[in-house]
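Examining the three-dimensional arrangement
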2 protein chains.
Amino acid sequence: MSQTLEAFREYLKKLNRYNRINSLLSWDMYTATPRLGYQSMADALTWFSSEAFALSTSDELQKLLEALAAPEEYEQLDEAMQFTVRTMKRELDESRRIPRDFYEAFVTARSASMQAWQEAKKASDFSLFAPHLENMIEMTKEQCGYTHPGKEVYDVLLNQYEEGMDSAAIDRIFEELKEGLIPLVQKILAAPQPDSEKFRGYYDPDDQKKVQDLLLDYMGFNPDAGVTSQSEHPFTMAFSRNDVRLTNNYDPENPISAIFSAIHEGGHGIFGQNVNPALEGTPADDCRYMGIHESQSRFYENILGRNRNFWIPIYGRVQELLPGLQHISLDEFYREINHVQNSLIRTDADEVTYGLHIIIRYEIEQAIFRDHVPVKELPALWNRKMKDYLQITPPDDARGILQDMHWSDGSFGYFPSYLLGNIYDGMFLEAITRDLGSLDSLLAQGEVKTVTRWLGSHIHWYGGLRLPAEVIRQVCGRELSAAPLLNYFKEKYTELYHL
Amino acid sequence: MSQTLEAFREYLKKLNRYNRINSLLSWDMYTATPRLGYQSMADALTWFSSEAFALSTSDELQKLLEALAAPEEYEQLDEAMQFTVRTMKRELDESRRIPRDFYEAFVTARSASMQAWQEAKKASDFSLFAPHLENMIEMTKEQCGYTHPGKEVYDVLLNQYEEGMDSAAIDRIFEELKEGLIPLVQKILAAPQPDSEKFRGYYDPDDQKKVQDLLLDYMGFNPDAGVTSQSEHPFTMAFSRNDVRLTNNYDPENPISAIFSAIHEGGHGIFGQNVNPALEGTPADDCRYMGIHESQSRFYENILGRNRNFWIPIYGRVQELLPGLQHISLDEFYREINHVQNSLIRTDADEVTYGLHIIIRYEIEQAIFRDHVPVKELPALWNRKMKDYLQITPPDDARGILQDMHWSDGSFGYFPSYLLGNIYDGMFLEAITRDLGSLDSLLAQGEVKTVTRWLGSHIHWYGGLRLPAEVIRQVCGRELSAAPLLNYFKEKYTELYHL
């Protein structure tokens with residue numbers, strides 16, 4: 001090993017230690033820190049984050065990366081180290097092009113904007129948030145101008161979350177999906193709906209936690225390399241493949257929400273646990289592409305978890321753990337977990353209408369960055385699209401354009417990755433059926449872990465080494481298309497709703 | 001504020017941030033880190049600990065402390081800052097007298113000794129641990145020679161845990177206690193014992209957790225400034241008065257153990273939450289004296305929690321939460337939580353025999369450091385004292401001299417502080433009765449929080465500002481004595497056992 005490589009590995013270790021501390025502080029703030037202790041933890045996080053930022057943008061690191069990027073050194077590196085040098089060098093170059101003054105002003109503005117959004121949502125008053133949103137849009141454009149001069153802003157943003165993706169590709173597949181989804185949703189909404197009333201009752205959070213443990217075990221989540229906790233919104237955080245952390249939130253009046261969060265986060269978690277150990281400590285040791293990561297959580301949540309057969313081997317045990325479900329048959333449960341509704345809130349949406357919620361957000365982001373539509377016109381645009389695609393009009397902006405936090409901190413371009421995850425899943429479903437035969441039969445036999453092994457060896461093992469388009473090409477053997485997802489929806493819901 | 005003071009305050013902030021990270025890493029390792037993730041957390045802890053150690057022994061800190069210790073600066077400081085400068089300067093001077101080579105050798109030897117102890121305990125083979133124990137004794141002596149040249153080693157050790165305490169004082173009060181305790185225990189053991197069989201059953205850990213929440217609320221633990229979790233052994237850790245953390249361990253076959261751990265750790269926690277906020281970030285912001293800290297956890301656990309009247313207002317709710325207790329009357333419960341037995345294991349002991357377990361350890365530490373008794377003779381000495389004081393002989397060393405981990409890492413002088421805590425409690429019981437009237441009446445009315453307020457204003461508020469002897473003098477108005485504790489035992493158990 002060259003001296004430069006050795007020095008770089010040591011540097012990476014130190015940087016990882018600081019990043020671990022920042023993750024741990026965040027984890028603790030979400031899951032454990034009591035209300036009055038929050039500020040001190042936040043102060044510590046600010047301080048250690050700035051230490052980590054200084055480490056990740058130092059002259060010392062730049063010199064190491066430049067030395068290792070030189071052809072004679074680079075060719076000696078293994079695949080993981082080449083990826084590391086390439087990725088870190090690009091990120092370092094980008095962030096060093098951002099003027100320090102601008103960077104700090106953006107941090108401050110972002111924090112003010114997040115607070116304004118919270119107040120605006122609470123008051124359901126878009127005008128409180130509008131000037132901050134304008135500011136976030138302008139500063140986002142300015143930042144892209146520094147990091148990627150001359151590039152289309154919205155493509156730069158999409159690339160942040162799903163590298164290699166651009167709006168031309170997304171336009172094509174979202175349009176394909178939208179054309180199929182709108183009439184399907186209309187037909188479903190016109191059909192007789194299941195009765196949710198039977199689910200009213202009290203479901204003890206401790207019992208829901210026991211169901212979560214059962215589900216995670218059933219899916220193949222390794223408890224020796226993972227842990228679960230509670231937080232206001234469920235999330236997954238991986239320190240390494242040996243320490244993957246999931247949270248959940250248990251609503252005592254609704255057992256279905258936590259069940260599907262458990263499966264969803266469990267899917268992210270299983271991904272994290274099955275990455276090649278050789279990638280540990282590199283930027284490829286967890287999947288950096290939101291769409292690919294979401295495809296795994298959603299594969300478990302939707303393709304597996306919303307399949308009737310997934311429940312056949314375990315529904316009896318779930319009923320034992322949750323007495324409130326004892327008078328609900330497997331069929332009634334199955335209908336309810338696939339209840340399609342034109343709801344107002346994205347995070348409450350079923351798997352079918354979910355896509356339309358995302359397409360609305362994508363089209364509004366296009367309106368902002370490509371068509372330069374003024375901010376004050378966005379709420380009306382939102383409501384019009386809700387009406388056109390989902391036949392429902394938000395009664396206020398809190399349940400309309402103000403519902404999601406993403407735009408408040410400038411995370412434009414993030415939303416599409418959720419739907420890309422679903423679209424990838426249609427493709428993966430085709431591929432897995434090709435390799436393992438009928439998923440329905442596998443599930444009826446309780447063979448979820450067979451699916452986990454397939455996902456592990458085809459997708460999880462590679463962490464972030466392969467770009468999304470490469471993953472699709474190598475796993476599915478063809479180009480990305482929304483058709484498999486649409487076919488899955490049509491087949492499943494035609495039967496379920498007797499369309 | 002002088003420039004030096006300002007620089008010192010900034011330095012302290014930085015040091016506190018590193019100490020917070022180390023506490024957080026430990027907290028996480030005990031409560032959350034999964035088995036396979038443990039090593040990486042331990043590596044991070046080693047690294048950040050050495051960073052904190054470097055910060056706390058730096059030349060820069062020494063210069064700041066020396067400048068602030070100079071009379072013209074020192075006199076300008078407030079009480080908390082004087083304490084801080086005095087304490088940190090003394091500790092820095094001491095640790096800088098330890099040769100670096102010796103320090104590192106001690107760290108390594110300690111870690112080997114802890115491992116050897118674990119193996120020896122598992123195999124119940126003292127000979128595996130003996131050479132390490134000899135080494136711990138010799139290195140402890142050597143370290144005391146550096147930090148406190150010319151001083152009696154065992155007094156230096158006692159001072160580490162209970163500043164201002166020496167073996168002359170402890171000899172006197174432990175002897176006083178022992179003379180009263182041995183005949184009392186003999187009388188109790190000869191009396192008819194309650195029947196523990198009725199408690200056999202299954203007690204769901206989730207239900208036990210609900211009882212813990214009830215108890216903490218009842219005692220006045222503030223959930224906005226605290227949090228609870230689970231770990232193998234219960235403990236308390238305070239990040240600040242606004243973030244105090246307790247753990248528990250729920251045995252599904254024994255509800256009493258977790259109930260009393262909850263009350264015990266709750267007592268430590270309430271102490272931490274009620275320290276004067278002006279002390280935050282100084283070494284006085286938590287009580288540094290183990291005996292005083294233990295006196296608070298034990299006051300709640302024993303003086304309050306083992307009083308029949310403590311349970312009158314809440315026993316019905318406890319039975320609702322723990323159905324296994326529904327056929328057990330309050331009187332039966334009260335008898336069982338005060339069941340005096342000559343058990344082998346200190347941590348299982350009742351409040352009466354507990355003192356004898358500690359006195360045995362104290363006398364053996366005296367044998368080691370004052371009388372230079374060879375290590376190989378210690379197991380026999382232990383067993384002889386168990387026979388003499390508790391009328392029981394350990395069947396093996398695992399349940400004898402190998403049971404506690406304290407000596408394996410060189411924590412000699414720690415044990416006495418547990419019993420000092422009990423002895424202080426006898427004194428505090430006298431003082432609180434003087435100020436508030438009969439504790440029995442207060443408790444029967446559910447007024448635990450009135451007691452919490454008294455302890456808060458008389459003891460907790462001062463954190464570590466006052467030395468143990470000062471606390472006793474100011475709160476109790478007289479010198480330390482074991483008589484109040486003995487009187488409490490005699491009165492309570494004469495009635496309970498119809499002696």
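Residues numbered from 1 in each chain as written. Chains lettered and ligands numbered in written order. Predicted model: local features only at pLDDT ≥ 70, side-chain atom pairs only at ≥ 80, totals over all residues. Heavy atoms only, no water.

In the nomenclature of an unreviewed UniProt entry, chain A is known as Metal-dependent carboxypeptidase of Candidatus Merdiplasma excrementigallinarum. According to the UniProt record, the Catalytic activity (unreviewed entry) comment for chain A is "Release of a C-terminal amino acid with broad specificity, except for -Pro." UniProt, in the comment section headed Function (unreviewed entry), describes chain A in these words: "Broad specificity carboxypetidase that releases amino acids sequentially from the C-terminus, including neutral, aromatic, polar and basic residues." (UniProt positions renumbered as here; feature names shortened; annotations may be inferred.)

What chain A contains, in helices and strands, is 22 helices and 3 strands. Across its three principal axes, chain A shows a C-alpha extent of roughly 65 × 50 × 50 Å. Within chain A, residue pairs in contact and separated by at least 24 positions form 75% of the contacts whose partners lie at least 6 positions apart. Accessible surface computed for chain A: about 20900 Å², of which carbon and sulfur atoms make up 49%. Taking the average place of the 49 positive charges on the side chains of chain A and the average place of its 75 negative ones, the gap between the two points comes to 1 Å. (Helix = DSSP H or I, 4+ residues; strand = E, 2+ residues; numbered from the N terminus. Contact = heavy atoms within 4.5 Å. Areas by Shrake-Rupley, 256 points an atom, 1.4 Å probe, with all protein chains shown as cover. Lys, Arg positive; Asp, Glu negative; His and termini not counted. Charge placed at Lys NZ, Arg CZ, Asp CG, Glu CD.)

Further remarks concern the relation of the copies chain B and chain A. Related by rotation about an axis and a shift along that axis, the two copies of the chain form a pair. With an RMSD of 0.0 Å, the operation that places chain B on chain A is a rotation of 180° combined with a shift of 0.0 Å along the axis. Read as a symmetry element, the transformation amounts to a two-fold axis. Across chain B, the smallest distance between a C-alpha and the rotation axis is recorded for Asp206(B), namely 3.3 Å. The fraction of interface residues of chain B whose copies in chain A are also interface residues reaches 100%, indicating that both copies meet through the same surface. (Least-squares fit on C-alpha atoms with pLDDT ≥ 70 in both.)

The next thing to look at is the sheet that holds strand β3 (residues 243-248) of chain A. Residues and elements named next belong to chain A. Read across the sheet, 3 strands follow the order β1-β3-β2 without closing on themselves; strand pairing throughout is mixed. With one partner strand each, in any of the chains shown, β1 (226-230) and β2 (236-240) form the two edges of the open sheet. The sheet shows a mean angle of 20° between the axes of neighbouring strands, direction not considered. Bridge count for β1 against β3 is 5 bridges, and the pairing is parallel. The partner of Thr-228 across the bridge, within β3, is Leu-246. Contacts from helix α1 (residues 3-31) reach β1, β2 and β3, with the element oriented near 150° to β2. (Pairing = 2+ DSSP bridges. Axes fitted to C-alpha atoms, helices over the stretch in contact; angles between N-to-C directions.)

Residue and element names in this part refer to chain B. Here Asp-404 is to be found in the loop between α17 (378-390) and α18 (415-436). Reaching out from Asp-404, the side chain makes a polar contact with the side chain of Arg-361 at a distance of 2.7 Å. Once you skip the residues sitting within four places of it in the chain, Asp-404 turns out to touch Trp-117, Arg-346, Arg-361 and Phe-415. (Polar contact = N/O pair within 3.5 Å; in protein donor to acceptor, adjacent residues only side chain to side chain.)

What follows deals with the pattern of salt bridges. Residues and elements named next belong to chain A. Counted according to the given criterion, the structure contains 60 salt bridges over all chains. Across the pair Arg-200 and Glu-197 runs a salt bridge, and its minimum N-O distance is 2.8 Å. In this structure, Arg-478 engages Glu-430 in a salt bridge whose closest nitrogen and oxygen atoms are separated by 3.2 Å. With a gap of 48 residues between them, Arg-478 in the loop between α21 (468-476) and α22 (483-496) and Glu-430 in helix α18 (residues 415-436) connect regions that are remote in the sequence. (Salt bridge = Lys/Arg side-chain N within 4 Å of Asp/Glu carboxyl O.)

Glancing now at the UniProt feature "active site" (unreviewed entry) in chain A. Residues and elements named next belong to chain A. UniProt's entry tags Glu-265 with the feature "active site" (unreviewed entry), counted in the numbering of this structure. Structurally, Glu-265 can be placed in helix α11 (residues 255-273). Beyond its immediate stretch of four places on either side in the chain, Glu-265 contacts Pro-234, Phe-235, Thr-236, Leu-246 and Thr-247. Within polar-contact distance, the side chain of Glu-265 engages the side chain of Thr-236 at 2.6 Å.

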